[in-house]
Amino acid sequence: MEILIFVKQVPDDGIEVHLDPAAGTPDTAKIDKIANAFDTYALELAARYVEANGGNVTVAAIGPDGTDSMLKNLIAVGAKKAYLFKDPSFEQGDEASTANRLAQLVKKCEAENGAPYDLILCGKESTDEISGQVGARLAEELSLPFVSSVIEITPDGDKLIAKQETDEGYIKFETAMPAVYTIAKPGYDPRYPNIKAKMAARKAVIPTFSAADAGVSEAPCYVECVSYTEPPKREAGLKIQEKEVADTVAKAMEILIKDKVL
Amino acid sequence: MATYNTLTPELIEQLKAAAPGHVLVGADINDDYSHDEMPIYGTKAPDVVLQAANAEEISAFMKICNANKIPVTTRGAGTGLVGGCVPVYGGVVIETTKMNKILEYDLENFSVTIEPGVLLQDLAEDCLKRGMMYPPDPGEKLATVGGNVSTNAGGMRAVKYGTTRDYVLAMKVVLPNGDITSFGAKVSKTSSGYSLSNLIIGSEGTLGIIVELTLKLIPAPKKTISLIVPYEDLESAISTVPKFKMANLDPQALEFMEREIILSSERYLGREVFPKKLNGQDVGAYLLITFDGQDEDELMARAETAAELLLDAGAIDVMVVDEPQKLRDTWATRSSFLEAIEAETKLLDECDVVVPIKEIARFLTFAKKTGEECGLIIKSFGHAGDGNLHIYQCSNDLEKEEFVKRVDNYFEILYKEAVECGGLVSGEHGIGRGKVKYLTESLGDVNMELMRGIKNVFDPNLILNPGKVCYQS
């Protein structure tokens, strides 16, 4: 099976982001850029699938200079091929325009891959914008079956069984191929590369295409971000520390009841 | 042995007047003040606690206590592992955690001046925001820096950067008689008489009370890469270390750990990080290595050279950790060993011995075998790069009295072996209350008398942290 995963480069989500006071936008210049966590879960899930059932995994990203390093890191942990799409026109847009561009890029990726993709994966959301829209919109653009928050994929003849995680438990869906799935956190973490894979990946040359190279036309944009606001700082908490643990709990309960929390 | 007086109501009133609003007495004293992280060495509550706000309060306290022969024990965050901050003779505890301000950066002189109660974690993070690094990196990030200085704490980066001692430029100290004085200076070398600051460093609060520290910083490395190196067993892992050191690859950290302790830590954190089976082989032990530097290509080249050496020497594989979240996960697993052991163990004790590097493998095998013979569960990890081993004795089944008896027997054998192979009693945790006997046996009478002589010069009434380090009871 041929699997394509769209990956977004995001600021390290372990670092607290603040607004640049002058620009009024998130100040991420000094924060390391990494692959979106949910996209790395998608890669690990895909890598495990092709190891068990055969096939190849391609990763593709839209991004500025430096995104090729991220793609090389992904080659070290299971991707066979990687494509980078870099163009000033890609830097602006909303979820609709991103999905529209990605839909157009699928054709370029397939041409470079020399084979069509049976499955297209995205993380269920990105850790920077967290809109969770792009995967669904991409499926709509491509008129393909779509399942969100998938944590397991199993083959079933010419169909796929996708296990979706829900608040209550799981739902299993059967879809035809090709299909678009978004991936939630499975019950495992992405692998660590070994040194051999890492060094080989560092030598990889990532094919890079502009909008014109990829044949991407202007994508419609419907939403404009007007401004960012930082959440108010949390007030200091109340420290309750009695000599006995039971007394501490009792005092905490008393305060919670008084404030009508309980 | 010194004799001490008890605190009378009149003396307590004097102390309260010396630091209004900052003195705890009787029922207001929390149980936390009676122990550190190793209660096996005994607990004892103080009669009075000063939550010190400044040097002047501490000075006033010391004048009263010295004149009345009241024992005084200094306490940071209470994260010590040898009972060092436990007031075994009662009296006064002076807590420094409220003195937690970072006072001044002098980046042209690569230094920062702080109060002693600043937590290691807070200092490290604040320095990084300025592009600087405070290199000492002990596992317990919630310790105070004053406590780190008092024990000369080491930590994971000591193999490259040295221990806390190497980063103390100057300090302000309250002496037992209440005098406030300064040792050291913001300079990079000195031949100016005895190094009094170096006497205070590692003295575990027995000579004076640190009230201000000026510390050396370095420019923060731009990039770090870690390698997880799995081996079939601990002996294979440790036997690689001398070859690794000889290759001059300048690791920032070079740690060893057994499979069991990784499993404990991963259970504790609820996250699986280290591989347990690779290439069909079960993993029995690991080396965890970090390189730091300014250039990614240069770092990767070093990592590749290291990997070739490690694989030739018997490593099952070499995993690369270079992404921020994976680095955090990997080192969180390493940093949680003590908490993980505590969570799964009813009774524990620890040996923080340091041995010559070539002796590590043999000593660990000896420690494990002896532990079994003594009827104890042994869990070990440590700093392979500098020979500092953390060997934990654990039990969930024994009664405390029996456990203590077995550990005493075990320690007698283990410390004797350590000293015979050229080692020392403590690499970084200190002597405190728990290891006085073994320090005395390993250093001998002459050296212990020299230490007591120094103690007498600083503290003729022996009021400061009695019962610790070289105290003769």
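This text follows the structure it describes.
The present account deals with the structure reproduced in this document. (Residues numbered from 1 in each chain as written. Chains lettered and ligands numbered in written order. Predicted model: local features only at pLDDT ≥ 70, side-chain atom pairs only at ≥ 80, totals over all residues. Heavy atoms only, no water.)

## Some remarks on the environment of L414 of chain B
Residues and elements named next belong to chain B. Definition in use: For the purposes of this entry, the term helix denotes a DSSP run of H or I that reaches at least four residues, the term strand denotes a run of E that reaches at least two, and both are numbered from the N terminus. Only heavy atoms matter for contacts: two residues are in contact if any of them lie within 4.5 Å across the pair.
Summarising the element assignment, L414 is placed in helix α14 (residues 400-420). Sequence-wise, L414 and V174 are 240 residues apart; in three dimensions their C-alpha atoms are separated by 37 Å. Excluding its chain neighbours within four sequence positions, the residues that come into contact with L414 are C351, F363, F366, A367 and I391.

## Quick word on unusual backbone geometry
Outside of glycine, negative phi angles account for most residues, and trans bonds account for most peptide bonds. Formally: Classification of residues uses two cut-offs on accessible area relative to the type maximum, computed with a 1.4 Å probe and protein chains only: under 20% is buried, over 50% is exposed, and between them is partly exposed.
With an omega of 0°, the peptide bond between M177 of chain A and P178 of chain A qualifies as cis. Checked against the element boundaries, P178 of chain A lands in the loop between β9 (170-176) and β10 (179-183). Even without being a glycine, S143 of chain A presents a positive backbone phi close to 55°. Tracing the backbone shows S143 of chain A in the loop between α4 (134-142) and β7 (146-156). Exposure remark for S143 of chain A: the relative accessible area of 64% places this residue in the exposed category. Not every positive phi belongs to a glycine, and E204 of chain B is a case in point at roughly 55°. Within the secondary structure layout, E204 of chain B lies in the loop between α6 (196-200) and β10 (209-216).

## Some remarks on a negative patch on the surface
Heads up, the rule is: Note on patches: the residues involved have over 30% relative accessible area and no salt bridge, like charges join within 9 Å, and the nonpolar side chains Val, Leu, Ile, Met, Phe, Trp and Tyr join within 5 Å. Per-residue and other accessible areas were derived by the Shrake-Rupley procedure at a 1.4 Å probe size, with only the shown protein chains allowed to occlude residues. What counts as a salt bridge is simple: a side-chain nitrogen of Lys or Arg found within 4 Å of a carboxyl oxygen of Asp or Glu. Counted as positive: Lys and Arg. Counted as negative: Asp and Glu, with His and the chain ends omitted from the count. For this purpose, a charge sits on NZ of Lys, CZ of Arg, CG of Asp or CD of Glu.
Together, E244 and D247 of chain A together with D31 and D32 of chain B give the surface a local cluster of negative charge. Mapped onto the secondary structure, D32 of chain B falls in the loop between β1 (23-25) and β2 (48-51). Residue classification places D32 of chain B among the partly exposed residues on the basis of a relative accessible area of 35%.

## Re the side chain of K163 of chain A
Residue and element names in this part refer to chain A. Relative to the helices and strands, K163 resides in strand β8 (residues 159-165). For K163, a relative accessible area of 19% gives the class buried. Not counting chain neighbours up to four residues away, the residues in contact with K163 comprise S149, V150, I151, E152, Y170, I171 and K172.

## Section: the sheet that holds strand β13 (residues 253-258) of chain B
Picture the strands of a sheet paired through backbone hydrogen bonds; they go either parallel or antiparallel. Residue and element names in this part refer to chain B. Our working rule: For two strands to count as paired, DSSP must find a minimum of two bridges between them. Every axis corresponds to a line fitted to the C-alpha atoms, with the helix fit spanning only the stretch in contact, and the corresponding angles, defined between N-to-C directions, vary from 0 to 180 degrees.
Pairing is antiparallel in the open sheet, where seven strands are placed in the order β17-β12-β16-β13-β19-β20-β18. Looking along the sheet, the strands with just one partner apiece sit at the ends: β17 (319-321) and β18 (347-351). Going across the sheet, the axis of each strand differs from the next one's by a mean of 20°, ignoring polarity. Strands β13, β19 (377-383) and β20 (388-395) of the sheet are contacted by helix α13 (residues 360-373), whose axis makes an angle of about 10° with β20.

## Some thoughts on the environment of I377 of chain B
All names here are of chain B. Among the structural elements, I377 can be located in strand β19. Overall, I377 belongs to the partly exposed group, its relative accessible area being 47%. A C-alpha to C-alpha distance of 8.0 Å links I377 and Y392, two positions 15 residues apart in sequence.

## Describing the pattern of salt bridges
Inspection of the entire model under this criterion finds 37 salt bridges over all chains. Across the pair E115 of chain B and K101 of chain B runs a salt bridge, and its minimum N-O distance is 3.7 Å. Remark: K101 of chain B occurs in the loop between β4 (92-95) and β5 (102-106) and E115 of chain B occurs in the loop between β6 (111-114) and α3 (120-129); sequence separation between them is 14 residues. Here E115 of chain B falls in the buried class, since its relative accessible area comes to 10%. Here K101 of chain B falls in the partly exposed class, since its relative accessible area comes to 47%. For E359 of chain B, the salt bridge goes to R362 of chain B, with nearest N and O atoms at 3.0 Å. According to the relative accessible area criterion, R362 of chain B is partly exposed, its value standing at 38%. Where salt bridges share partners, they join E44, R48, E51 and R191 of chain A into one cluster.

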